[in-house]
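These are the residues of each chain, in order.
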Amino acid sequence: MDFHEKDAHSSDEHEPAPLPLVRLNHVSFQCESVEASVGFYQRTLGFELVKRPAWLHKYGMGIHLLQRGSDSSAPAAAARPPAINPKGNHISFQCTDMGLMKARLGDMGLEFVAARVRDGETVVEQLFFHDPDGNVIEVCDCEKLPVIPLDDAGGAGLPSLLLPVETNVHG
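Residues numbered from 1 in each chain as written. Predicted model: local features only at pLDDT ≥ 70, side-chain atom pairs only at ≥ 80, totals over all residues. Heavy atoms only, no water.

A short note on the overall build of the protein chain
- The number of helices and strands found in the protein chain is three helices and nine strands.
- Each helix (α) and strand (β) of the protein chain, taken in turn from the N terminus, gives the series β-α-β-β-β-β-α-β-β-β-α-β.
- Expressed as a percentage of its 171 residues, the buried residues of the protein chain come to 29%.
- Pairs at least 24 apart in sequence give 61% of the contacts found in the protein chain among residues at least 6 apart. (Helix = DSSP H or I, 4+ residues; strand = E, 2+ residues; numbered from the N terminus. Buried < 20%, exposed > 50% of the residue type's maximum accessible area, 1.4 Å probe, protein only. Contact = heavy atoms within 4.5 Å.)

Take a look at the structure:
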């Protein structure tokens, strides 16, 4: 039986209770320089320091910055990727004015990749760039796309949900 299928003998009274999760609380990044990363997230994305060591907060979420040390148990510093990869691991922020954000990144001299995702008549704008430690950050207007649970999508599978992406590199 596929994990999406309900057993013919199961009933709703045996359904597990929904998880009591509310939202993403924070992400954590190891940094070569916490000071440089704090400044980057403040200038670029408007985050504010809060009363916890190396914690920034804004938009209902936090970023915890950890100093990468010489401790032998600490993971080694990742080599900065040679190119910004929109399909790699990243953290994404919703944006209400993509033109303003694109201009801000340009004014700061940050290299970024601009992408567009089309879904029918809907076009989503995306900007991808690196933080000082090579982590990929996305800023997008993704709320244009409705979030439709697959159960409500008429049995649509993942392959039919993959959307074409156009990219351009700036910076």
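Here's the deal with the pairing of strand β8 (residues 136–140)
- Where burial is concerned, most of β8 is hidden: five out of the five residues are buried.
- Burial of β8 is two-sided: the residues V136, E138 and C140 facing one way and the residues I137 and V139 facing the other way are all buried.
- In this structure, strand β5 (residues 91–94) lies alongside β8, joined through four bridges in parallel fashion. Note on β8: the bridge partner recorded for Q94 is C140.
- Connecting the antiparallel pair strand β7 (residues 122–130) and β8 is a turn made up of five residues, with G134 showing a positive phi of about 85 degrees. (Pairing = 2+ DSSP bridges.)

Some points on the confidence of the model for the protein chain
- When the pLDDT values of the protein chain are averaged, the result is 83; 75% of them are 70 or greater.
- Here residues 1–11 scores under 50 on pLDDT; set against residues more than four positions off or in separate chains, the count is four contacts. (pLDDT = per-residue confidence, 0-100.)

Observations regarding helix α1 (residues 34–45)
- With 12 residues, α1 ought to run about 16 Å at 1.5 Å a step, and its terminal C-alpha atoms sit 16 Å apart, in line with that.
- Inspection of α1 places V34, S37, V38, G39, F40, Y41, T44 and L45 among the buried residues, and these make up the whole buried set.
- Positive phi appears at G46, one or two residues downstream of α1, with a value of about 75 degrees. (Expected span 1.5 Å × (residues − 1).)

A closer look at the side chain of D141
- Here D141 shows up in the loop between β8 and α3 (158–161).
- Side-chain polar atoms of D141 contact the side chain of K144, separated by 2.9 Å.
- Once residues within four sequence positions are removed from consideration, D141 is found in contact with Q94, C95, M98, V124 and E125. (Polar contact = N/O pair within 3.5 Å; in protein donor to acceptor, adjacent residues only side chain to side chain.)

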